[in-house]
Amino acid sequence: MNILNPFFLFGALALAIPVLIHMVRREKSEIVQFSSLMFLLRVPKAAIRQQILKNLLLLILRLLIIAFLVGAFARPYFTQETSQDATAGENRGTVLLIDNSYSMRYGTNFERTKSEAGQRIDAMAAGDQMGVIAFNDKATVLAMPTSDKNALKAAIDTLEPSYAGTKYYEAFTLADRLFGQLAGRQKQLVMISDFQRNGWNRSSRESMIGTDVAIEAVDLGLDNSTNVGIDNAAVDAMSFSRTYAGRVVARIHNHRKDQSVTVPVSVSINEREAGKRTVEVPPNSTTLAEFTGFDLPLGFSKGRIRLDTQDPLPTDNDFLFTIDRREKLSVLVIDSGRRNQSFFLRQAYTSAVELPYQLKIIQAQNATAQEVANHQVVIVNDVPRLSDSIRDRMDELRKTGQGQLIILGDQADAGWWNGFAKLPVRLTQKIFVGKDRGQPFYSVTSYVRNHPIFAPFEKASTLGLNTAQFLAYAEVEPKEGSTVLAKFENGSPAIIESSDADRGLLVFSSTVDNRWNDLPLKPSFLPLFHEMVTYLSRYSEVRGWYALGEGIPVTGGLEAAAAAVINPDGGRQALGDLGPGQQRFFSPEAPGFYEVRIGPDSKMVAVNSPSAEGNLERMPPDDLFASVKRTQGETQQAGLFTEDSAEEYARQQMTWWYLLLIALLAGIAEIYIANRRTYETKRGTAS
Amino acid sequence: MSTPVVDRPANRFIDPKVLMKIQNLELLARAVVEGFVSGLHRSPYLGFSVDFAEYRQYMPGDDLRRIDWNVYSRSDKLYIKLYEGETNTRVLILLDVSGSMNYGSGEVKKIDYARILAAVLTYFSYHQRDGVGLLTFDTEVRAHIPASRRSGQLINILKTIENVVPSQTTEFKKPLRYLAELLKRRGIIVLISDLYDEPENIIAGLKALRSKGNDIIVFHIMDDFELNFPFDEAAQFEDLETKRKMHVIPDYLRTKYLEILEDHMATIRKELAGARIDYVLMNTSKPLDLGLFTYLAARAKTQ
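Just so it is clear, the model here is predicted, and its values are computed rather than measured. (Residues numbered from 1 in each chain as written. Chains lettered and ligands numbered in written order. Predicted model: local features only at pLDDT ≥ 70, side-chain atom pairs only at ≥ 80, totals over all residues.)

1. As for the overall build of chain B
No. 1: Per the secondary structure count, chain B includes 10 helices and 10 strands.
No. 2: Across the 303 residues in chain B, those meeting the buried criterion constitute 38%.
No. 3: Of all intrachain contacts in chain B linking residues separated by at least 6 positions in sequence, the fraction that spans at least 24 positions is 76%. (Helix = DSSP H or I, 4+ residues; strand = E, 2+ residues; numbered from the N terminus. Buried ≥ 20, exposed ≤ 12 C-beta atoms within 10 Å, placed from the backbone. Contact = placed C-beta atoms within 7 Å.)

2. A closer look at the overall build of chain A
No. 1: When helices and strands are tallied, chain A shows 15 helices and 33 strands.
No. 2: Relative to its 687 residues, chain A shows a buried fraction of 37%.
No. 3: For chain A, the share of sequence-separated contacts (at least 6 apart) that also reach a separation of at least 24 residues comes to 75%.

3. Focus: unusual backbone geometry
No. 1: A positive phi is found at N270(A), a non-glycine position, where the angle reads about 50°.
No. 2: Examined against the element boundaries, N270(A) turns out to sit in the loop between β12 (261-269) and β13 (272-281).
No. 3: On the basis of neighbour count, N270(A) is assigned to the partly exposed category, with 13 C-beta atoms found within 10 Å.
No. 4: A positive phi is found at D76(B), a non-glycine position, where the angle reads about 65°.
No. 5: On the secondary structure map, D76(B) appears in the loop between α3 (69-75) and β2 (79-82).

4. Side note on the interface of chain B and chain A
No. 1: Each partner contributes residues to the interface: chain B has 30 residues there, and chain A has 26 residues.
No. 2: Sorting the residues of the side of chain B that touches chain A by element identifies α8 (224-228), β8 (235-239), β9 (245-248) and α9 (250-274) of chain B as the ones contributing at least two each.
No. 3: A total of 11 residues in the side of chain B that touches chain A trace back to one element, the largest contributor, which is α9(B).
No. 4: Here the residues of the side of chain B that touches chain A sort into 14 nonpolar, six polar and 10 charged.
No. 5: Here strand β2 (residues 31-34) of chain A runs beside β8(B); their pairing, made up of four bridges, is parallel. Paired with Q33(A) across the two strands is E238(B), which belongs to β8(B). (Nonpolar A, V, L, I, M, F, W, Y, C, P; charged D, E, K, R; others polar. Pairing = 2+ DSSP bridges.)

5. Brief notes about helix α4 (residues 149-157) of chain A
Residue and element names in this part refer to chain A.
No. 1: Among the residues making up α4, those that are buried are L152, A155 and I156. Seen along its axis, α4 keeps its buried residues to an arc of 100°; they face one direction. Across from the buried face of α4, at angles greater than 90 degrees, the exposed residues are N150, A154 and D157. (Arc of directions from axis to C-beta.)

6. Re the pairing of strand β20 (residues 403-407) of chain A
For a regular strand, side-chain orientation follows a simple rule: the groups alternate between the two sheet faces.
Residue and element names in this part refer to chain A.
No. 1: With respect to burial, β20 is a largely interior element, five of its five residues being buried.
No. 2: Pairing geometry for strand β19 (residues 377-381) and β20, over five bridges, is parallel. Across the sheet, residue N381 finds its bridge partner in β20, namely I407.
No. 3: Read from β19 through helix α8 (residues 388-399) to β20, the crossover connection turns out right-handed.
No. 4: In this sheet, strand β26 (residues 505-508) lies alongside β20 in parallel orientation, the contact comprising four bridges. Across the sheet, the residue bridging to I407 is F508, located in β26. (Right-handed = clockwise from strand over helix to strand, strands pointing away.)

7. Remarks on the sheet that holds strand β15 (residues 299-307) of chain A
Residues and elements named next belong to chain A.
No. 1: Pairing in this open sheet of five strands is mixed, and the strands run β10-β16-β15-β12-β13 from one edge to the other. At either margin of the open sheet sits one strand with a lone partner, and together these are β10 (238-239) and β13.
No. 2: Note that β12 and β13 share nine bridges and pair antiparallel. Paired with S266 across the bridge in β13 is K276.

8. Regarding the packing of helix α6 (residues 173-182) of chain B against helix α7 (residues 199-210) of chain B
All names here are of chain B.
No. 1: It is at 9 Å that the axes of α6 and α7 come closest, and there the two elements cross at 5°. On the basis of their axis angle, the class for α6 and α7 is roughly parallel. Together, K173, L176, R177, L179 and A180 of α6 and N201, G205, L206, A208 and L209 of α7 make up the contact between the two elements.
No. 2: Residue composition of the contact of α6 with α7, by class: six nonpolar, two polar and two charged. (Axes fitted to C-alpha atoms, helices over the stretch in contact; angles between N-to-C directions. Parallel < 35°, antiparallel > 145°, perpendicular 65-115°, else oblique.)

9. Topic: helix α4 (residues 110-127) of chain B
No. 1: With 18 residues, α4(B) ought to run about 26 Å at 1.5 Å a step, and its terminal C-alpha atoms sit 26 Å apart, in line with that.
No. 2: Counting buried positions along α4(B) yields 16 of 18 residues, so the element is predominantly enclosed. (Expected span 1.5 Å × (residues − 1).)

10. A few points about the sheet that holds strand β33 (residues 601-608) of chain A
Residues and elements named next belong to chain A.
No. 1: One open sheet accounts for five strands, arranged β27-β33-β32-β29-β30; its pairing is mixed. Two strands bound the open sheet, and with one partner strand each, they are β27 (546-547) and β30 (572-578).
No. 2: Two elements, strand β32 (residues 592-598) and β33, share seven bridges in a ladder whose sense is antiparallel. Bridged to R597 within β33 is S602.

11. Let's talk about the nonpolar core
No. 1: Of all hydrophobic cores here, the largest spans 71 residues; its most connected members are I93(B), L94(B), L95(B), L117(B), V120(B), V190(B) and I192(B).
No. 2: Sorting elements by how many residues they give to this core places α4(B) first, with 12 residues. (Core = buried A, V, L, I, M, F, W, Y, C linked by C-beta atoms within 7 Å.)

12. Section: the pairing of strand β24 (residues 483-488) of chain A
All names here are of chain A.
No. 1: Relative to β24, strand β22 (residues 444-447) runs antiparallel, the two being bridged by three bridges. When the sheet's bridge partners are listed, S446 is paired in β24 with K487.
No. 2: In this structure, β24 lies alongside strand β25 (residues 493-497), joined through four bridges in antiparallel fashion. Its bridge partner being in β25, A486 is matched across the sheet by I495.

13. Observations concerning the confidence of the model for chain B
All names here are of chain B.
No. 1: Model confidence for chain B is summarised by a mean pLDDT of 79, while 78% of its residues fall at 70 or above.
No. 2: Low pLDDT, under 50, characterises residues 1-13; the stretch is placed with 19 contacts to residues that sit more than four places away or in other chains.
No. 3: Reported for the predicted complex are a pTM of 0.50 and an ipTM of 0.76. (pLDDT = per-residue confidence, 0-100.)

14. A look at the packing of α4(B) against helix α5 (residues 153-163) of chain B
The packing of two helices is summarised by the inter-axis angle and the distance between the axes.
All names here are of chain B.
No. 1: Axis separation between α4 and α5 bottoms out at 10 Å; the angle between their running directions is 175°. It follows that α4 is roughly antiparallel to α5 by the angle criterion. Here α4 contributes R115, A118, A119, T122, Y123 and Y126 to the contact with α5, which in turn contributes Q153, L154, I157, L158 and I161.
No. 2: By residue class, the composition of the contact of α4 with α5 is eight nonpolar, two polar and one charged.

15. Some thoughts on the confidence of the model for chain A
Residue and element names in this part refer to chain A.
No. 1: Averaged over all residues, the pLDDT of chain A equals 84, while 91% of them reach at least 70.
No. 2: Of all helices and strands in chain A, the one with the weakest mean pLDDT is helix α14 (residues 645-652) (60), whereas β25 scores best (95).
No. 3: When the criterion is pLDDT under 50, residues 638-643 qualifies, and its contacts beyond four places in sequence or with other chains add up to 22 contacts.

16. Quick notes on the environment of G93(A)
All names here are of chain A.
No. 1: Relative to the elements of secondary structure, G93 occurs in strand β4 (residues 92-99).
No. 2: Take G93: there are 24 C-beta atoms within 10 Å of it, and that puts it in the buried class.
No. 3: In contact with G93, other than residues within four places in its own chain, are Q129, P145, L182, R185, Q186 and K187.

17. Quick notes on the environment of A348(A)
All names here are of chain A.
No. 1: Summarising the element assignment, A348 is placed in helix α6 (residues 343-350).
No. 2: Remark: the alpha-carbon pair of A348 and L528, spanning 180 residues in sequence, is separated by 10.0 Å.
No. 3: Leave out the neighbours within four places in its chain, and A348 touches F525, L526, F529 and H530.

18. Overview of the environment of S285(B)
No. 1: Tracing the chain through its elements places S285(B) in the loop between β10 (278-283) and α10 (289-302).
No. 2: The contact partners of S285(B), leaving out residues within four places of it in the chain, are G106(B) and D224(B).

This is the structure we're talking about:
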C-alpha cells in the first residue's frame, strides 16, 4: 500500500488530543468540599461502570473518526508487486515520451523523432526495460515497459504525426504511472519534442515526476521558426444570392521574428480559384486578406484559402471553409385585400436585398391550394375566412414542414375560425382596450424567454416587446396542448403556438397594419416577425468551419432517419438513427471536408487544425522539467498500470472513499450515543 | 397541614443573603420578626399572632359575653375586649451543628441559614411570651439551655447560636434520647437540621418526643447544590464531616445520587407525616418566609 498525500498523516497527531484532555483534566481535578458523601457512596458501582463504558465507547468512536478522516485524506492506494521488483539493481527503466502533435510535422522533425527513438532503443542493455508514450493533446501508451527491442521498434514504426494540439501535463501523468511499473530500476525519462510553449497549459499544481527519475530532453524546437500560416478566418457561411455578398477574411500570421514575408493568398471554391492577392506580413504579426464577390452554385460549396509558400509546416497554409447557398425563404401572405393591409409585412421581409425572404402577397379570394403549397411559410393576415380546401391543405402541409402564421384581427370571422379544428385557439371576442377595459392601451409584458422567436430580445437589452401599444386585440382562449408564448398585461394571449403534435402553426392575436396597434412602427416588429418566419421554416444556421477537437452537432430533421458522416478519405462513420430534432455530436480527428448525411439530406462541414499549433515558440526544456519534477517528500502516483488501467487505477484509489464512509458511519453512531447520554443526563437533572 | 406560601417580591428582611449582612443576631431577628409581622397585618393570617390586648367600641352583633363590664362601670360605655394574650407554650429549638451544616454553595451556608431561622424563631417566641429553649447537637448534645421566660434568656440563646462551630458527624439517636428523658412539659419542638442520618434514627427519636404530646416541626435545611447536584466538572469531593475524599464524575453519578436523595427525603417525609410531625424542606437559596409561616401555623394549633 502506498500513500498519495503523506503530509496528511500528521493529522493523526490529533488522535492524542482527546486522550491528552482526559489526562490533563484528571491531573488537575480540584477538591470540592461537599456536605456529605453519604448518598454518593451509596451509588452502585455497576451504574458508574456502565457510564464509563458508554464514555469509553464514545472516546473510541471519536478517535476512530479522526483516524479514518486522516486516513481518507492521506489517500492510500494499493499496488500490486510487479515482477520487475525482483530484478532490482543497476538495470535501467526508461519511459520514452514522443511528441506527435501537429507541430511535429514541421520540416523533418518527425523523421528525426523516430530516428532518435530508434537510437534510444538500440542503446538498451540486456535487462533494461522501456515503455513508450505518444502524446499530443492526449497521451497514449504505445508500448508497456518491456525489454523486447523489436516490439518497441514496431511500436515506433506505426507512429504517425497527428493533427492535434500539444498538452504536456497528461503525458507526464501517464509517464509517472509507467514508472510505477519500473520500481527498483534506475529510472530515466527521455522526451522527444519541439517543446512548444503552447503545450504547457497545466491546470493542476501537482508535480508528477519523481526525484529519482533522470530526465533527458531531445529538443527539436527552434528559437526562430520560419512558419507562416493562417490562424483564423471569418466566413459568412450562407448566401442567398448567386454572387457571394458575404466576406471571407483570413488572418495570416508570420511566426518569424526577424523578417517580414510576402505571400500570395488565394481562395478557391470547389477547387476553382475564385480570388487571389498578395499580402505582406510583418515579423511576428498578422495581416488580413479579404475575398468576396465570387459565384456560388446552389448548396454547399467547399472553400479553401491557401498560402502559396514553401515553409516547413505546410498544414497551416491551407484553411478550409464551407458556404451554403440557399434559395430565399418563400413566404406567402394571404390578406383580405384591404388597402395597405400587408404594407408593413412587405417592408419587413423585402426592404433589403440581403434579407433571405422572397415574399408574395395575394388576396384570400384568389388563393388556391396549389399556390399555398408552393411556399415554405404562409402568413394569413387577418382575413374573414379561407376556403375549406385551403384550410385542409394547410393542415396537410404542416406535416411536410410548412410553417403558418395566422393573424387574427378586426376582420376575422369568429364563427369560421372557430370551425378550424387545428387552430390552437378559440376566438371569443374582439376587445377594444379603451372602451372595454377602461385603459388607454395594453402592452405585451410577458413572454417565454427561452423560445427561439424571442432570441433577439434576450440578446439586446435595448429591444423590448413592451414598447408597442395595443389599442385592440382579438381575445382568444388557448386550446389544450397549445402554448401561450406571449401575453398582454391582462394575461390575455398575444402569441400562441400549436401543440407539439401539430408543429408549425403560430397565432398572433392583433393586426399588423397599424390600426389596432403601433407594433409595426416599433423596432421590435422586424426582429419578431423575422424570427417567427425563420422559426416556422425550420431554417438552421450553419457554421463556416470547425476546429479540430470541437464537437460537431448533427441534428435530426422532420422525420427519424439514419445519420452518417463521410470522412475526407471517403470512409463512412455511422451515427445511428436520429429522431426528429434529436442531436448528436461527432469529433473529427483530421482536418478536411466532412459530409454529414441525415436521411436524404446532406451538408458539408469544414474542419481545420488547431491554429495555436502553428506558433512554434519554444520553451526551454529545463523550465518545463523544473515545474513537473517533484521536490523531496512528494510521493509518486499509483504504480500499477495495465491495459485496462483507467478502471483499475480508479479502483485502487477507492480506498479513501471507503475510509470516509466508515468515518461517516462512526460519526452517526457517535451522534446517536452522545445524544442518548445527554438525554439521560438531562432527565437525571430534571428528576 | 397545608403550608401557606407568600411570595412577596424583594422581601429584603427575609432574604437570607441580605440578612447575612447584619452582624448582631438580636438585631437581625428583630428586623425579621418586625418586618414579617408588620407585613402580616395585611395578610389573611391575622388573629393568632398578636398578644396585645385592646378595646373596641361595641357594635351591634358582637358577642355580649365579650363586653368588658368593668370598663362599662367606669365609663358607662360598652367596649369589646379583644385578645388577651396568654403564654403557656414552651418552645425548644434543636439546632444541628454537625460538620455537614457548614456547607454552602453560595454566599449562605446551611448553618448561617439555620442560625437565622433559629434566632428569628427564638426572638419571635420570646416576644410572644413563650418560654424558649435551645439545644445544639451533633453526635452529642453540645449545648442545652432549657426553655424559660427569664430575662436574659433571649440574649443567652442568641449568643449560643451565634457561637456554634459546626464539626463532627451527625447522629440523632443519642441527643434525641437525651431530650426525651429530659423533657417533662409538653410544648413545641423545632428541629433545624440537614438530616444526614439514617431515617429510622431520626424518626424513632422524634416519634418518642411526639408521643409525649409535643408539637414538632422539622426544618430540613438543604443547599440548592445538594438538591440538584448541578456540578459538571469531575473533581475530588471531600466530606465535610468525615473528611473522606471520593473522585466524582458528576455526569456519571448525578442520576443515581438524586434518586437516592429523593428516596431518603421521601421516607422521612412519609414517616413524619404518619407521626403527624410537620416537615418543611428549606432550600437555603430561598427566603425564610416558608419557615416562619409553618412555625406560626403550628403555634396556632397549640393556642
